[in-house]
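# A closer look at the structure
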Amino acid sequence: MLDPTASTDVFRVRGGEPLRGTVRLSGAKNSALKLMAASLLCDGELSLSCVPRIADVPVMADVLRGLGVSVDLDLHAGTCRLRPGKISWHAPADAVSRIRASLSCLGPLVGRVRRARLALPGGDRIGARGIDLHLRGLQAMGATVTELDGEVEVFAGELHGAYLTLDFPSVGATENLLMAAVVAEGESIIDNVAREPEIQDLCRMLVAMGAKIGGIGSPTLEIEGVERLGSTSWETCPDRIEAGTYAMAAAATGGDVVIERVRPSDLTLPLIKLRAAGVAVEEGADSLRVKAGDLEAVDVVTLPYPGFPTDLQPQLMVLLTQALGTSRCTENVFESRFSFVTELRRMGADIEIDGHHALIRGPVRLAGATLTALDVRAGAAAALAGLVASGETVVRDVHHVDRGYADFVQRLASLGADIERAPLESLDG
Ligand code: EPZ
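Everything in this summary refers to the structure shown in the same document.

Calculation criteria
- Residues numbered from 1 in each chain as written.
- Predicted model: local features only at pLDDT ≥ 70, side-chain atom pairs only at ≥ 80, totals over all residues.
- Heavy atoms only, no water.
- Helix = DSSP H or I, 4+ residues; strand = E, 2+ residues; numbered from the N terminus.
- Rg over C-alpha atoms; globule rule 2.2 N^0.38 Å.
- Buried < 20%, exposed > 50% of the residue type's maximum accessible area, 1.4 Å probe, protein only.
- Lys, Arg positive; Asp, Glu negative; His and termini not counted.
- Charge placed at Lys NZ, Arg CZ, Asp CG, Glu CD.
- Polar contact = N/O pair within 3.5 Å; in protein donor to acceptor, adjacent residues only side chain to side chain.
- Contact = heavy atoms within 4.5 Å.
- Salt bridge = Lys/Arg side-chain N within 4 Å of Asp/Glu carboxyl O.
- Near = heavy atom within 4 Å.
- Areas by Shrake-Rupley, 256 points an atom, 1.4 Å probe, with all protein chains shown as cover.
- Nonpolar A, V, L, I, M, F, W, Y, C, P; charged D, E, K, R; others polar.
- Axes fitted to C-alpha atoms, helices over the stretch in contact; angles between N-to-C directions.
- Parallel < 35°, antiparallel > 145°, perpendicular 65-115°, else oblique.
- Left-handed = near helix turned anticlockwise from the far one by under 90°.
- Pairing = 2+ DSSP bridges.

### A word on the overall build of the protein chain
In terms of helices and strands, the protein chain carries 14 helices and 23 strands. In summary, the protein chain has a C-alpha radius of gyration of 21 Å against a globular reference of 22 Å for 429 residues, a match within 12%. In terms of overall dimensions, the protein chain has C-alpha extents of about 60 × 45 × 40 Å along its principal axes. For the protein chain, buried positions account for 57% of its 429 residues. Across the protein chain, the mean location of the 42 positive side-chain charges is 1 Å away from that of the 56 negative side-chain charges.

Now the structure itself:
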């Protein structure tokens, strides 16, 4: 059983091997978890496929069971069947603390039973991560919001459509407001929404369940509320962040990798930046071939989709330590997402932070060190840095990586990486 809190294992990585071969990817973490939450709106059964074998999925299943959904999850087959029963509006206390994505139960709960009570999600290593946009949007739809004892309670005697403009195209707020609006009275127009492929996946699944949504993929969603949503079967979209991670790993190690089950159009900006850095990228209908070249410095700014994804920033940072020249990376989405730089500096990286800009000078020879996986993406990037470095790198707290990457060690090893998962005690021997 994958447990996101177990941190006894480490990765032991010996660098220097270029990655070669083919890797086939899973469904997207940041879609699957929301598709599961949308089951709260279903008047029948929701059957999901290509559900990734990551630690957050069984936790989300537990959260939904606690809310009255029967969940039949088969991680090996990548399937999940969800059938809501009597819905409870009070989420299990530890739910949100275990995974932030359980916050995406807020909108569907308010939509379905006009009420929801969840623990307030605190911030984490990458930022304060407020939920004011979620709550303000629900208030505009007629809900009242009360915060007490570290929890937020939302109640809507009547839930009606509204015209909303988000201050920022927040992924989480878009998902919650969308999932409330699809069963609210009347029409909603939500402007400046997030357009990520995972949002589009959710929209399309809701339409397959009977929702009326226009403007999918555009900055404005137009939603006509319906009485109820029905059953459907849905295949989770490919994980573009997982794909981007393997692409960066191939390029940083001087390798040649084919990535299967990916939609290249989901990665337009990252592929533009990889090519600008001297990497050869061939696009297939649902595959990518990434072949390393002489790496050159590039400048990148992270932005909401279709901008460069913040979830590929730490991995890109590793690649840019190997590029000739000075690259500038600007983080615009999460205010504390440069904490990974401290880890990279342990290995000899030459990175200067100036507010939300990082100047990365390269190429430098990274030396193996003991690193800590600070979060899902920084953890994956720490392993990538180990693949590039001389000597051995040990990555601790790898439970963070388990939360977002299926079979990470096995897949890298299948590409020729010298990496293993070992118990913490193995370091004593
Ligand atoms: C989702 O987080 C993803 N998580 C994140 O992936 C991803 O980095 C992020 O979107 C941006 O793409 C999941 O889908 C589970 P936001 P979310 O709401 O929804 C501020 C990973 O590694 N904001 O778009 O929390 C917020 O503080 C994770 O897989 C408010 O201020 O992201 C942040 O600075 C990490 N008030 C920014 O907006 C609000 O009400 C973006 O947040 C909402 C957001």
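### A few points about the side chain of threonine 174
Secondary-structure assignment places threonine 174 in helix H6 (residues 171-181). Overall, the relative accessible area of 0% leaves threonine 174 in the buried class. One polar contact links the side chain of threonine 174 to the main-chain carbonyl oxygen of serine 170, over a distance of 2.7 Å. Residue contacts for threonine 174: discarding those within four places in its chain leaves Leu166, Val193, Ala194, Ile199 and Leu221.

### Section: the pattern of salt bridges
For the structure on display, the rule yields 32 salt bridges. For arginine 228, the salt bridge is made with aspartate 43, and the minimal N-O distance between the two is 2.5 Å. With arginine 228 in the loop between strand S12 (220-224) and strand S13 (232-235) and aspartate 43 in the loop between helix H1 (29-37) and strand S3 (46-49), this pair connects stretches of sequence that are 185 residues apart. Judged by relative accessible area, arginine 228 falls into the exposed class, the value being 51%. Among the residues examined, aspartate 43 registers a relative accessible area of 36% and is labelled partly exposed. Overlapping salt bridges bring together Arg12, Arg14, Glu392, Asp418 and Glu420 as one network.

### Section: the site of the ligand
By nearness alone, 21 residues border the ligand, and Lys34, Asp132, Ser170, Asp311 and Val333 come closest of all. Here an oxygen atom of the ligand sits 2.7 Å away from a polar atom, N or O, in the side chain of lysine 34. Calculation on the ligand without its partners gives an accessible area of 830 Å², and the protein chains cover 85% of this total. Across the shell around the ligand, the residue classes tally to 7 nonpolar, 6 polar and 8 charged.

### Topic: the packing of H1 against helix H2 (residues 56-66)
Contact pair H1 / H2: the axes reach a minimum separation of 10 Å and the direction vectors enclose 15 degrees. Put simply, H1 runs roughly parallel to H2. Seen along the crossing, H1 lies across H2 with a hand that is right-handed. Note on element contacts: H2 touches H1 through Asp56, Val57, Met60, Ala61 and Leu64, opposite Lys29, Leu33, Met36 and Ala37.

### As for the pairing of strand S1 (residues 9-14)
Of the pairings in the sheet, the one linking S1 to strand S23 (residues 418-423) comprises 6 bridges and is antiparallel in character. Bridge pairing in S23 places aspartate 9 opposite proline 423. Pairing analysis gives 4 bridges linking S1 to strand S22 (residues 392-396), with the strands arranged antiparallel. Bridging across to S22, arginine 14 finds its partner in glutamate 392.

### Focus on helix H5 (residues 132-140)
Along H5, the positions that sit buried rather than exposed are Leu133, His134, Leu135, Gly137 and Leu138. The inward-facing, buried residues of H5 abut helix H4 (106-113), strand S7 (144-148), strand S8 (151-155), strand S9 (163-165) and H6. Phi turns positive one or two residues past the end of H5, at glycine 142, with a value near 105 degrees.

### Some thoughts on the sheet that holds strand S15 (residues 280-283)
Here we have 4 strands laid out as an open sheet, ordered S2-S14-S16-S15, and mixed in their pairing. Strands with a single pairing partner mark the edges of an open sheet, and in this sheet they are strand S2 (20-24) and S15. Each adjacent strand pair in this sheet contributes to an overall mean axis angle of 15 degrees, direction not counted. Each of S2, strand S14 (256-260) and strand S16 (287-291) touches helix H8 (residues 240-252); the most contacted strand, S14, lies at about 170 degrees to it.

### Focus: the sheet that holds S13
By way of backbone hydrogen bonds, the strands of a sheet pair with one another, either parallel or antiparallel. Taken in spatial order, the 4 strands line up as S4-S5-S3-S13 in an open sheet, and their pairing is mixed. One side of each edge strand has no neighbouring strand; the edge strands of this open sheet are strand S4 (69-74) and S13. The sheet shows a mean angle of 15 degrees between the axes of neighbouring strands, direction not considered. With 3 bridges connecting them, S3 and strand S5 (residues 79-84) associate as antiparallel partners. Looking across to S5, one finds that serine 47 is bridged to arginine 81. Sheet strands touched by H1: S3, S5 and S13. Its angle to S3, the strand with the most contacts, is close to 170 degrees. Strand contacts of helix H7 (residues 197-208): S3 and S13, with the helix running at about 160 degrees to S13, the strand carrying the most contacts.

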